[in-house]
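A closer look at the structure
Chain by chain, the residues:
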Amino acid sequence: MELQPLLHDLLAAVHAPTQAWSAQDGQIRTGVEGVLHGDVRVLSAAVLTVDGAEPEPIGGAPDGTGRVRVTTLTRGIDAPGADPTARLDRLRTVLPGTVTEELTLSCSTPAPVTGTLTLRLRPDGSSMDRIKAGLPPVDAPAVHLDAEGASWSSDADISTVLTAPGADLSLDGEDLLLRWTLTATTGAPVTVSWSLAITDANPVVQAPADLAPEWSVPQVTAADRRLPALLDQSLTDLASLRMTASFAPQDVFLAAGAPWFFTLFGRDSIWAARMLLPLGTELAAGTLRTLAVLQGEKTDPATAEQPGKILHEVRRATLHIPGEGTVLPPVYYGTVDATALWICLLHDAWRWGMPADQVEALLPHLERALAWMSDHGAVDGFLAYRDETGTGLANQGWKDSGDSVQWRTGELAEGPIALAEVQGYAHEAAIGGATLLDAFGRDGGDHWRGWAADLAERFRAAFWVEDDRGRYPGIALDAHRRVVDTVTSNIGHLLGTGILTAEEEATVAARLLDPAMDSGYGLRTMAEGSAGFWPLRYHGGAVWPHDTAIVIQGLARAGHATEAATLAEGLLAAAGGFDQRLPELYSGDRRGTVPAVLPYPAACRPQAWSAASSVAVLTSVLGLRPDAPAGTLEVAGSAALGALEVRGLRFAGAGVDVQVDADGRTTARTDGRVRVRVGGR
């Protein structure tokens, strides 16, 4: 039986659109391990031996953007004695289209140590969907040897060239063998290397021309040292996920995550850019423009395209998910929330200081996105979805697995489905869109404010249910407009969108902080006690950092700083269990019932919106509320996580520094023509 490969204990060196995955010992053998470029794996094995024996690992870890370092012992060629005095270090560096590994033999022995290093490589051309399904690699492509090295090509127009200076190259069946005989002496290590250069004749996504990130990298000093550690690792990871699309090569967005979702995803890329706004608006602008290029023009059930709709994902070829019957076209629009979220990002970027001319250029796309919400996205007055093809995504909110929308008793909801949080997004989008239309002298503002008010009233009448703990919004309405009554994290996304009253926000906040939802490491996606709950179920009990971060921001916006800080502390505690690299998701086991946070073993790492969650936590603790059109940034700092100093935030092109002392007293300063107002609710 084919099983999806597990990732939780692998080393990843990532620099979009290239990635290299290996075991902790640096060896590449099986599963998802290998070198991938875009959605194609070009190398499925790279196993190193020294005099016929695999070196023994003693440490391996990420070492900066696109790098991993593994230290191993070569005891077969070492001198006698208990101390290991000969070692081999592997430094693997990934740049866009390039993978280089340096092998360094060193020693501290009375006599020189000599060993023959043999590296066995297996060229590949397997697609990402095949790898994710756990299927074996395709037949290895033909390899051409020449005086400089070797080369091969996949069926997907991806060509790979291997160079290995000083190595003896030969073929052994489908494998390439590289051999070096090395001699090291004390104080004189010796290094050899091998490299892959990968080119894609027809890329859908590619590396930006400039490898420098669009955002500032703030300097953070905190009493809680977990926060700056998490920020440092997160921003390093985000730098490795920067991409451009072939249809918008001048604009940068963040790939959703490695390895499975290493491309443009509307929802994921929008949320990540939105969380990073306090570090600058350039990434948001690039994300908005990239998605606007392929904004829907027509109605096409095969791709789920509709006029004004923002896409779900882009890939180089049709995506087949074996065993599920899911077949997604290369450009797929099966998302119910990306359009409203695109509007929210445009509004928030404007508030953070995105230049007015850049905002104005996107207003025609804004008007079309607003129209989609009422003309195409709505069913009986609520944004809803249903797959029309039978081969698309059955669920089209952020929880897009087939069993994510279910009743408390475990039965699956029948579509079309109107998700609770999507109505919150739509309400916020309508209000934000109206504000933009007014600000730029365009018609329609009053209409969309009225539309939002009507939506809030309909939501209040249709979505609320009650159990023995009181009232709460259900996760969705089903095809018969019944409230699907499971308690889920979805309702936390309503906070701060304006669709709830202050009293309703307090009710939702209390429900979310209940132990059935708060694992102590973040919010579970589904409440413990539901029939479908399981701490390792993808959308039915596991914790997603970005989900918790969105709720943290909503709680802060709604004035529930204590509850926001409680969830933020849970994320910081979880991050320590993952070496500060928050994965896509992890187990929802209650903190204190397990020795440490448990991984979800197939989760992506790095993942854009998980990494960006660290900035969302920082924003919430600092209480940042921007109003660039008025030239004012409000700061309402909280000492809930202790004293904190941040230098290098960005607002309307100006640098901003904020300091919060242990008593919560806040000071702020800026180097630009903007005002920073210290205050609070």
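Note that the structure is predicted; figures quoted are calculated from it, not measured.

If you check UniProt for "domain: Mannosylglycerate hydrolase MGH1-like glycoside hydrolase" (unreviewed entry), the listed places come out as residues 339-575 in our numbering. Spanning residues 339-575, this segment combines 46% helix with 8% strand, and its end C-alpha atoms are found 31 Å apart.

Our next topic: the domain arrangement of the protein. The domains assigned to the protein are domain 1 (11-203) and domain 2 (206-622). Its C-alpha centre places domain 1 at a distance of 37 Å from the equivalent point of domain 2. Of all residues in domain 1, Ala16, Asp39 and Asp129 give up the largest surface area on contact with domain 2, accounting jointly for 24% of the area buried on that side. For the interface between domain 1 and domain 2, the tally reads two salt bridges. We note a salt bridge from aspartate 200 to arginine 316, for which the minimum N-O separation is 2.6 Å. Linking domain 1 with domain 2 are five residue pairs in polar contact (both at pLDDT 80 or more), by the criterion used here. Secondary structure elements with two or more residues in the side of domain 1 that touches domain 2: β1 (11-15), β2 (18-22) and α1 (128-132). The dominant element in the side of domain 1 that touches domain 2, judged by the number of residues it contributes, is α1, at four residues.

The next thing to look at is the UniProt feature "domain: Putative glycogen debranching enzyme N-terminal" (unreviewed entry) in the protein. Per the UniProt entry, the sites bearing "domain: Putative glycogen debranching enzyme N-terminal" (unreviewed entry) are residues 15-134 in this numbering. Secondary structure within residues 15-134 divides into 4% helix and 55% strand; the distance between the first and last C-alpha atoms comes to 24 Å.

Glycine aside, residues mostly have negative phi, and peptide bonds are mostly found in the trans state. Residue alanine 258 is joined to proline 259 through a cis peptide bond whose omega torsion reads 0 degrees. Of note, proline 259 is situated in the loop between β19 (248-254) and α3 (266-275). A cis amide bond, omega 0 degrees, links arginine 605 with the succeeding residue proline 606. The backbone phi angle of aspartate 51 is positive, close to 50 degrees, even though this residue is not glycine. On the secondary structure map, aspartate 51 appears in the loop between β4 (40-50) and β5 (56-62). Backbone geometry places glutamine 580, a non-glycine residue, at a positive phi of 70 degrees. By secondary structure assignment, the location of glutamine 580 is in the loop between α12 (561-576) and α13 (608-622).

The next thing to look at is the sheet that holds strand β12 (residues 158-163). Strand order in this open sheet of eight strands is β5-β6-β7-β8-β15-β12-β11-β10, and the pairing throughout is antiparallel. The open sheet has two edge strands with one neighbour each: β5 and β10 (144-145). Across six bridges, β5 lies against strand β6 (residues 67-73) in antiparallel orientation. Considered in β6, the bridge of glycine 60 is made with valine 70.

Generally speaking, a soluble globular protein has its nonpolar side chains buried in company with each other. In terms of nonpolar packing, the biggest core is built from 179 residues, with Leu276, Trp342 and Met373 touching the most fellow members. Sort the elements by how many residues they give to this core and helix α5 (residues 338-352) lands first, with 11 residues. A domain-level breakdown of this core finds at least three residues from each of domain 1 (11-203) and domain 2 (206-622). Ignoring anything within four residues of it in the chain, the contact list for tryptophan 342 reads Ile270, Leu288, Leu291, Ala292, Ile310, Leu362, His365, Leu366 and Ala369. In terms of nonpolar packing, the next biggest core, distinct from the first, is built from 41 residues, Leu88, Val94, Leu103 and Val192 among them.

This part covers the sheet that holds strand β32 (residues 632-635). Pairing in this open sheet of three strands is mixed, and the strands run β31-β32-β36 from one edge to the other. Bordering the open sheet on either side are β31 (624-627) and β36 (675-678), each of which pairs with just one other strand. Between one strand axis and the next, the sheet turns through 20 degrees on average, direction left out of account. Sheet topology places β32 next to β36; four bridges connect them, and they run parallel. Looking at β36, one finds that threonine 632 is bridged to arginine 675.

Thresholds, definitions, all that
- Residues numbered from 1 in each chain as written.
- Predicted model: local features only at pLDDT ≥ 70, side-chain atom pairs only at ≥ 80, totals over all residues.
- Heavy atoms only, no water.
- UniProt positions renumbered as here; feature names shortened; annotations may be inferred.
- Helix = DSSP H or I, 4+ residues; strand = E, 2+ residues; numbered from the N terminus.
- Domains from an automatic or database assignment.
- Buried area = accessible area lost by both parts, 1.4 Å probe.
- Salt bridge = Lys/Arg side-chain N within 4 Å of Asp/Glu carboxyl O.
- Polar contact = N/O pair within 3.5 Å; in protein donor to acceptor, adjacent residues only side chain to side chain.
- Pairing = 2+ DSSP bridges.
- Core = buried A, V, L, I, M, F, W, Y, C linked by side-chain atoms within 4.5 Å.
- Buried < 20%, exposed > 50% of the residue type's maximum accessible area, 1.4 Å probe, protein only.
- Contact = heavy atoms within 4.5 Å.
- Axes fitted to C-alpha atoms, helices over the stretch in contact; angles between N-to-C directions.

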